[in-house]
Amino acid sequence: MSEKIEFSLKVNGTDFSIACPPRKTLADALREDCRLTGTHVGCEHGVCGACTVVVDGRAVRACLMFAVQAQGSEVRTVEGLAQNDVLSPLQQAFIDNHALQCGFCTPGFLMLINGAFERDPDICEDELTELLSSNLCRCTGYRNIARAVLQVADKLKARSELAVGKPS
Amino acid sequence: MKAAPFDYFRPASLQEAAERLSVNSDDGAMILAGGQSLVPMMALRVAYASELIDLNAIKGIDTVSRSERGIAIPPLVRHADFHSSDVAPGPLGHVLATVSRHIAHYPIRQRGTFCGSLAHADPSSEWCLIAAALDAEIELLSVSGRRRIKAKDWWAGVMETVREPEEIIVAVHLPLLPDDIQWGFYEFNRRAGDFALGMAFCCYRLTEGLITKPHVALGGIEEYPRRIPEAEAVLEGATPSAEVFGEAARTASKAVNPLEDPATPAAYRRDLSATVVRRALTSATQTKSSPALSA
């Protein structure tokens, strides 16, 4: 029953060969088998959101998926955000707005917000507030995370309006 | 905590899943769709599966299909797929979009499924309430064939249904709603995203100013959601008003047999049932999804 299954996991564009029992969660496989420890594990039952990653364009809890379920999918983690040592706009906005203190929840928040912007670029402020309630942060009181998100949302909106030739 | 060990099977079709389930369900094999309730229950060791039969690799079961009379929701349609009201025609699309945003939190909605909610049968499930309120039909598949169950006959208790262990929910069928329907949904919980302590869905049509064919359904109050015929009888043929809605709400609260938990006595839920019915009915008078009003 606990026999290992061999499969391949595609994370941030890189293929990893995995051999693990079916019960291993995607969160644990990312940390232990792919050695990508940016994805944090908190509650292990879907409540805290520290393990949030993007699977096939959707922000999901990596503790509520078994690793074997992610074979054939594109997984993105916090390690995939910065390009050539340049932080993504959202990561930079987190720093600029002091949106983290201890940082344990930060990778989960970054992937949650990235996933939501990707699926729904026109997401409104009320929906963003509801979105942020998905994950737990015990340091910031959320206010600064919301500021960082709104800053990036405004930039995204300006860019998409420029792209279709509307005045920004 | 981590889930106890289990075997994993990934069928390529619903038929293959049904065949596997018919062989292994006696030993404790279970269907895995979204897994947003089953997986945490396995992690907390309140659920055990000898084998998980994972539907996620099956092609062609992730899109809502439409007919003249209604929609069919197959097993891999996620809660978040209803965020856009275009997924179903007319007012039904607006109802599903509104209600979907009350389900858990955003990342859970990206993965959890409509059919899975009906299988799990939590008393606080929003989709279970909608299935009861709109007289859904649940379509089951096993090696012995298919059968359809009406929503009113679906539940057997808290998290219990009439589904046999070797049966898979392959679709939930919902009827379309007429363009002139007035509808309202109200859910109460202590924090956004928590399980509902009580919620109501109400809808009706107006014929010459009088309420016709009212539906009043409550969820999170009793062992499973259901329509409350006593409250519907109060509304039938009446003119919408705060007094009539108040009487329907009080009637509903007298008709229910509320659940109790350490933080929530039955009397509290009984009181809450009146509040949520009254607020859902009040919200129904402001229905915006009907073309006549939104034009």
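Residues numbered from 1 in each chain as written. Chains lettered and ligands numbered in written order. Predicted model: local features only at pLDDT ≥ 70, side-chain atom pairs only at ≥ 80, totals over all residues. Heavy atoms only, no water.

Undergrad: Got a minute to help me understand the overall build of chain B in this structure?
TA: Broken down by element type, chain B carries 10 helices and 14 strands. By the burial criterion, 56% of the 295 residues in chain B qualify as buried. Relative to all contacts within chain B whose residues are 6 or more apart in sequence, the contacts with residues 24 or more apart total 61%. Total accessible area on chain B stands at roughly 12,400 Å², and carbon and sulfur atoms take up 51% of it. Across chain B, 30 positive and 36 negative side-chain charges occur, with their mean positions spaced 4 Å apart. (Helix = DSSP H or I, 4+ residues; strand = E, 2+ residues; numbered from the N terminus. Buried < 20%, exposed > 50% of the residue type's maximum accessible area, 1.4 Å probe, protein only. Contact = heavy atoms within 4.5 Å. Areas by Shrake-Rupley, 256 points an atom, 1.4 Å probe, with all protein chains shown as cover. Lys, Arg positive; Asp, Glu negative; His and termini not counted. Charge placed at Lys NZ, Arg CZ, Asp CG, Glu CD.)

Undergrad: Could you clarify how one ought to interpret helix α3 (residues 106-119) of chain A in this entry?
TA: All names here are of chain A. When the terminal C-alpha atoms of α3 are compared, their 20 Å separation across 14 residues agrees well with the 20 Å that a helix rising 1.5 Å per residue should span. Burial of α3 is extensive: 12 of the 14 residues sit out of reach of the surface. Among the residues making up α3, those that are buried are Thr-106, Pro-107, Gly-108, Phe-109, Leu-110, Met-111, Leu-112, Ile-113, Asn-114, Gly-115, Ala-116 and Phe-117. (Expected span 1.5 Å × (residues − 1).)

Undergrad: Can you walk me through the sheet that holds strand β14 (residues 226-227) of chain B in this structure?
TA: Adjacent strands of a sheet pair through backbone hydrogen bonds, lying either parallel or antiparallel. All names here are of chain B. As summarised here, the arrangement of the 4 strands in space is β11-β12-β13-β14, forming an open sheet in which the pairing is antiparallel. Lying at the two open borders of the sheet, with one neighbouring strand each, are β11 (182-188) and β14. With 7 bridges joining them, β11 and strand β12 (residues 198-207) adopt antiparallel strand pairing. Counted as the bridge partner of Gln-182 is Tyr-204 from β12. Contacts from helix α6 (residues 126-133) reach β11, β12, β13 (210-219) and β14 within the one sheet, and its direction differs from that of β12 by about 30°. (Pairing = 2+ DSSP bridges. Axes fitted to C-alpha atoms, helices over the stretch in contact; angles between N-to-C directions.)

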